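Spelled out, the chains give:
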Amino acid sequence: MAQTRGERARHWRYEELPGVDLLRARYIRKSFVRHTHEHFVIAAIADGVEVFHHGSGDQYAGAGALALVNPDTPHTGRAGVPEGWQYGAVYPSPDVVAAIAAETTTLRGTPGFVTPVLDDPYTVRLVHQVLRATDEGNALAADTLLRVAVTRLLRLNGGTLPRREVRTAGARTAARARAVLEERMAAPPTLEQLAADLGTGPFALLRAFRDTYGMPPHTWLTDARVRRARRLLDAGTAPSEAAVTVGFTDQPHLNRHFSRIVGVPPGAYQRERKNVQDARGDRSVASGVWQWNGQQSMSARTYGPVPEAARPPRAEGSRTAPWYGTPSASGSPSDSPGSPSV
């Protein structure tokens, strides 16, 4: 778990939830630069406020709300209040979401989220219960609760994502530029060289690329480098080697950009991935002590009775504060939501 001046974050995987990344974090001064994810972002805000630029403006997600971002959608992230924000997040792959949508909804085409912020404390609790289940090694609960949460979100806020078709000359030029940058990631050309190779001008290319991908080429390249570095780290490549391979000057250069996009340094990120492999023989892996809204949550063996705040809201519009500690008196996360309404 990475910690910096009152901030802390854990970014990990659970072997029994393939295609899903997991995160718990408390950020105060952290500022995420404009970036994208290959997976969906389902971030459940526990406390404070997160502000993230999405589309044409800033979006605000407070306690009891979810920040939802579709794959390959540029966005940022920062605190909306001085005390920062705390949240837990699941990052299911497009394939995972598509499979759930096909089984539990009537959506056709590529499923996705319609609006980037949804006020739904009930699903916020479900997301945190998924994280708790992975801590306890409860694969059945983690898988079940993830499917319930994704189904509920798709039914409340789901739609079919538009197909991205390269129609205009500018979009075609941008796609060609992206292909060159992917191929020459470690030693990219200058904007002028790239434009000349593609038979256009630097500013024309800059406008076309930004219109097509939501960010200028140099920002996109940094994002792409971090994505590739993540794959290398997952495969066991040392951070220093991964940094040079993807085109960063050295490991500190990778550290700076990696932390501003992923939320944790590459070393901490890789250690959690390694822990997944090391823990295959031990299905009871705790995450340590986490402070949520002033309450400590310890290992499953120390859990007490379920407080009232942990129970499902009586009405859909309830503003009962979400609770992120004890899953249930029995220690089973699947008991806490009761019979989830999806």
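Scoring rules and cut-offs
- Residues numbered from 1 in each chain as written.
- Predicted model: local features only at pLDDT ≥ 70, side-chain atom pairs only at ≥ 80, totals over all residues.
- Heavy atoms only, no water.
- Helix = DSSP H or I, 4+ residues; strand = E, 2+ residues; numbered from the N terminus.
- Contact = heavy atoms within 4.5 Å.
- Areas by Shrake-Rupley, 256 points an atom, 1.4 Å probe, with all protein chains shown as cover.
- Axes fitted to C-alpha atoms, helices over the stretch in contact; angles between N-to-C directions.
- Parallel < 35°, antiparallel > 145°, perpendicular 65-115°, else oblique.
- Left-handed = near helix turned anticlockwise from the far one by under 90°.
- Nonpolar A, V, L, I, M, F, W, Y, C, P; charged D, E, K, R; others polar.
- Buried < 20%, exposed > 50% of the residue type's maximum accessible area, 1.4 Å probe, protein only.
- Pairing = 2+ DSSP bridges.
- pLDDT = per-residue confidence, 0-100.
- Phe/Tyr/Trp six-rings, centres within 6.5 Å; stacked < 30°, edge-to-face > 60°.
- Polar contact = N/O pair within 3.5 Å; in protein donor to acceptor, adjacent residues only side chain to side chain.
- Expected span 1.5 Å × (residues − 1).
- Core = buried A, V, L, I, M, F, W, Y, C linked by side-chain atoms within 4.5 Å.
- 1 Å grid on protein atoms, 1.4 Å probe; cavity = no way out; pocket = protein on both sides within 12 Å on 5 of 7 lines; lining within 4 Å.
- Points joined across faces, edges and corners; volume = space filled by probe spheres on them.
- Salt bridge = Lys/Arg side-chain N within 4 Å of Asp/Glu carboxyl O.

J.: Outline the overall build of the protein chain, listing residues and values.
T.: When helices and strands are tallied, the protein chain shows ten helices and 14 strands. The contacts of the protein chain with a sequence gap of at least 6 include a subset with a gap of at least 24, amounting to 74%. With an accessible surface of roughly 15700 Å², the protein chain has 50% of that area assigned to carbon and sulfur atoms.

J.: I'd like a rundown of unusual backbone geometry, residues and numbers included.
T.: Of note in the backbone geometry, Asp-72 takes a positive phi value of approximately 60° without being a glycine. Relative to the elements of secondary structure, Asp-72 occurs in the loop between strand 7 (65-69) and strand 8 (75-79).

J.: Outline the packing of helix 7 (residues 217-234) against helix 8 (residues 239-246), supporting the account with residue identities and numerical values.
T.: Between helix 7 and helix 8, whose axes approach to 9 Å, the crossing angle comes to 140°. Classified by the angle their axes make, helix 7 and helix 8 are oblique. Helix 7 and helix 8 meet at a crossing whose hand is right-handed. Between helix 7 and helix 8, the residues in contact are Arg-225, Arg-228, Ala-229, Leu-232 and Leu-233 and Pro-239, Ala-242, Thr-245 and Val-246, respectively. Residue composition of the contact of helix 7 with helix 8, grouped by class: six nonpolar, one polar and two charged.

J.: With reference to specific residues and values, describe the pairing of strand 3 (residues 20-27).
T.: Counting buried residues along strand 3, seven of its eight residues qualify, which places the element largely inside the surrounding structure. In this sheet, strand 3 lies alongside strand 2 (residues 7-13) in antiparallel orientation, the contact comprising six bridges. By the bridge assignment, Ala-9 is partnered in strand 3 with Ala-25. Linkage of strand 2 to strand 3, two consecutive antiparallel strands, is achieved through a turn of six residues, within which Gly-19 is found at a positive phi near 80°.

J.: Tell me about the confidence of the model for the protein chain, residues and numbers included.
T.: Mean pLDDT for the protein chain: 84, with 79% of residues reaching 70 or above. For the stretch residues 281-339, pLDDT sits under 50, and the model shows 132 contacts to residues farther than four places along the chain or on other chains.

J.: Residue-level account of the packing of aromatic side chains, with values.
T.: This model, assessed by the stated rule, comprises eight aromatic pairs. Centroid distance Phe-209 to Trp-220: 6.1 Å. Interplanar angle 75°. Geometry classified as edge-to-face. With a gap of eleven residues between them, Phe-209 in helix 6 (residues 202-213) and Trp-220 in helix 7 connect regions that are remote in the sequence. The class of Phe-209 is buried, set by a relative accessible area of 0%. Taking relative accessible area as the criterion, Trp-220 reaches 11% and is therefore assigned buried.

J.: Outline the side chain of Asp-120, listing residues and values.
T.: Tracing the backbone through its elements, the reader meets Asp-120 in the loop between strand 11 (117-119) and helix 2 (121-136). Residue class for Asp-120 comes out buried when judged on its relative accessible area of 3%. A distance of 2.3 Å separates the side chain of Asp-120 from the side chain of Thr-123, its partner in a polar contact.

J.: Please set out helix 6 residue by residue, giving values where relevant.
T.: For helix 6, which comprises twelve residues, the first-to-last C-alpha distance of 16 Å matches the rise-based estimate of 16 Å (1.5 Å per residue) to within 8%. Here helix 6 has its buried residues at Leu-205, Leu-206, Ala-208, Phe-209 and Tyr-213. Looking at the packing, one finds that the buried side of helix 6 touches helix 4 (169-183), helix 5 (191-197) and helix 7. Once helix 6 finishes, Gly-214 follows within two positions and takes phi at roughly 80°, a positive value.

J.: Which residues make up the nonpolar core, and what values go with them?
T.: Of all hydrophobic cores here, the largest spans 47 residues; its most connected members are Tyr-27, Trp-85, Tyr-87, Phe-209, Trp-220, Phe-258 and Val-262. Excluding residues that lie within four positions of it along the chain, Phe-209 makes contacts with Ala-174, Ala-177, Arg-178, Leu-181, Gly-214, Met-215, Pro-216, Pro-217 and Trp-220. Counting 33 residues, the second-largest nonpolar core is a separate cluster that includes Leu-118, Leu-126, Leu-145 and Val-148.

J.: Quick rundown of the environment of Ser-240? Include the residues and the values.
T.: Following the sequence through the fold, Ser-240 ends up in helix 8. Residue classification places Ser-240 among the partly exposed positions, given a relative accessible area of 41%. Between the C-alpha atoms of Ser-240 and His-253, which are 13 residues apart in sequence, the distance is 9.8 Å.

J.: Account for empty space enclosed by the protein, with residues named and values stated.
T.: Empty space among the atoms can be located by rolling a probe the size of a water molecule over them. What the rule picks out here adds up to three cavities of 30 Å³ or more. If you trace the largest cavity, you find 17 residues lining it, with Val-41, Glu-50, His-75, Tyr-87 and Tyr-91 closest to the centre. Broken down by secondary-structure element, the contributors of at least two residues to the lining of the largest cavity are strand 4 (31-35), strand 5 (41-54), strand 7, strand 8, strand 9 (85-92) and helix 9 (251-262). For the lining of the largest cavity, the element with the highest residue contribution is strand 5, accounting for four residues. Among the residues forming the lining of the largest cavity, the class breakdown is eleven nonpolar, five polar and one charged.

J.: Hey, could you go over the pattern of salt bridges for me, with residue numbers and the actual values?
T.: Counted according to the given criterion, the structure contains twelve salt bridges. Of the charged contacts, one joins Asp-135 and Arg-10 as a salt bridge, the two residues approaching to 3.1 Å between their closest N and O atoms. Highlighted residues: Asp-135 in helix 2 and Arg-10 in strand 2, separated in sequence by 125 residues. When the shortest N-O distance is used, the salt bridge between Asp-135 and Arg-24 registers 2.5 Å. Taken together, the positions of Asp-135 in helix 2 and Arg-24 in strand 3 put the pair 111 residues apart, joining distant regions of the chain. The exposure classification of Asp-135 matches that of Arg-24, with both residues buried. In the salt-bridge network here, residues are joined through shared partners; they are Arg-10, Arg-24, Asp-135 and Glu-272.

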